[in-house]
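Overview (structure and organization)
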Amino acid sequence: WGMAVARVLLVLLSAGAVVPVKDPLLNICMDAKHHKTKPGPEGKLHDQCSPWKDNACCTANTSVEAHKNQSNLYSFNWNHCGLMPPKCKRHFIQDTCLYECSPNLGPWIHQVDSSWRRERILHVPLCKEDCEEWWQDCKDFLACKENWHEGWNWATGTNRCPWGSVCRSFSEVFPQPKDLCEKIWSNSYKYTSEHRGSGRCIQMWFDPAQGNPNVVVARYYAWKKRSSPAQVENVTPESEQAVCALPWSVLLLLPLALVLLPEVVGGCGSHGWGSL
């Protein structure tokens, strides 16, 4: 009889032991000017923004505006130092699409006190190839300043180079790919030595037929943000989000189960964090 009771208790225990929870850092949209409140399908995202159509924080209209030389999104003109070459502009469009559309930037969202947004991204680890190709395709274009977030002359209603500034080559304003990726949007991105497909860096663009590689990256950094340095070095995060959460009713039954069948109870099991 004792064995039967113990097994019933263990069934109840295991049923309540692993409780999946929604991670607040995953699959979210930041609180900013054009973002949706939560991600979802957008069947007609335009051109470079189309990889996010299955799960996007942007609308179709936002994706169209992201491709214009002077977008209504922020009245920002890419051609402030002459006509930006298409191969260079492509990276800025992809950068805009990532910022506006991606639901995978949660681990790097920070609150800000701004008139046009309440949150921003900071130190997003950008894949080495994305950063270096961006710099390579833009290095012969011209720029008059390194931080494009602030300091423009807005007297005409769109961004113009500040008084007294001079348009110089990108490679002079941004000597290395790291300078471009980290300085142009005031540390929104961080240059890394991680490669595409490593699961450790965010890609600005991807082939949607292969799935969104940034999902697993966000999951890794969300886990890392919750973990201690010792755990980060020695443990790989679970592929699915689950926590070992014992409801109070199960906790009340636990002592009885331990008394009746101590050898059966082995902790939280492989579905939770009991092995850590």
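Read on for an overview of the structure. (Residues numbered from 1 in each chain as written. Predicted model: local features only at pLDDT ≥ 70, side-chain atom pairs only at ≥ 80, totals over all residues. Heavy atoms only, no water.)

1. A closer look at the packing of aromatic side chains
Just so we agree on the cut-off: Any two of the Phe, Tyr and Trp rings considered here, Trp counted by its six-membered ring, make a pair once their centres fall within 6.5 Å; the pair's planes then place it as stacked at under 30 degrees, edge-to-face at over 60, or tilted in between. Numbered from the N terminus, helices here are DSSP runs of H or I no shorter than four residues, and strands are runs of E no shorter than two. Each residue's exposure class comes from its accessible area (1.4 Å probe, protein chains only) as a fraction of the maximum for that residue type: buried when under 20%, exposed when over 50%, partly exposed otherwise. By definition here, charges over rings are those cases where NZ of Lys or CZ of Arg is within 6 Å of the ring centre and within 35 degrees of the ring normal.
Applying the stated rule across the entire model yields 18 aromatic pairs. Arranged with centres 6.4 Å apart and planes meeting at 90°, the rings of Phe-92 and Phe-170 form a pair that is edge-to-face. Of the two residues, Phe-92 is situated in helix H3 (residues 86-101) and Phe-170 in helix H5 (residues 170-173); the sequence distance between them amounts to 78 residues. Grouping residues by exposure puts Phe-92 and Phe-170 together as buried. Feature note: the residues Phe-76, Trp-78, Phe-92, Trp-134, Phe-141, Trp-148, Trp-152, Phe-170, Phe-174, Trp-185 and Tyr-189 constitute an aromatic cluster, connected by ring pairs. Positioned above the aromatic ring of Tyr-220, the side-chain terminus of Arg-200 is 3.6 Å from the ring centre.

2. Description of the pattern of salt bridges
Operational definition: Counted as salt bridges are all cases of a side-chain nitrogen of Lys or Arg within 4 Å of a carboxyl oxygen of Asp or Glu.
Tallying each qualifying case throughout the model produces eleven salt bridges. The salt bridge involving Asp-137 is made with Arg-90; its shortest N-O contact spans 3.3 Å. Note that Asp-137 is positioned in helix H4 (residues 128-138) and Arg-90 in helix H3, a separation of 47 residues in sequence. You can call Arg-90 partly exposed: its relative accessible area is 33%. Residue Glu-133 pairs with Arg-196 through a salt bridge whose shortest N-O separation is 3.1 Å. Remark: Arg-196 occurs in the loop between strand E7 (189-191) and helix H7 (214-226) and Glu-133 occurs in helix H4; sequence separation between them is 63 residues. The partly exposed category is assigned to Arg-196, whose relative accessible area is 35%. Shared partners join several salt bridges into a network, and the residues in it are Asp-130, Glu-133 and Arg-196.

3. A closer look at the state of the cysteines
Here a disulfide denotes one covalent bond, and it connects the sulfur atoms of two cysteines. To keep things clear, this is the line we draw: Count a disulfide wherever a pair of cysteine sulfur atoms falls within 2.5 Å.
As enumerated under the stated definition, the model contains eight disulfides in all. Here Cys-29 pairs with Cys-57 through a disulfide, and the sulfurs are 2.1 Å apart. Around the S-S axis, the bridge from Cys-29 to Cys-57 shows a dihedral of about -90° and counts as left-handed. Taken together, the residues span a long stretch of sequence, with Cys-29 in the loop between strand E1 (18-19) and helix H2 (60-65) and Cys-57 in the loop between E1 and H2 at a distance of 28 residues. Take Cys-29: its relative accessible area is 11%, and that puts it in the buried class. By relative accessible area, which is 0% here, Cys-57 ends up buried. Across a sulfur-sulfur distance of 2.0 Å, Cys-88 and Cys-138 are joined as a disulfide pair. The sign of the S-S torsion, about 105°, decides the handedness of the disulfide formed by Cys-88 and Cys-138: right-handed. With Cys-88 in helix H3 and Cys-138 in helix H4, the pair connects residues that are 50 residues apart, well separated along the chain. Considered together, Cys-88 and Cys-138 belong to a single accessibility category, that of buried residues.

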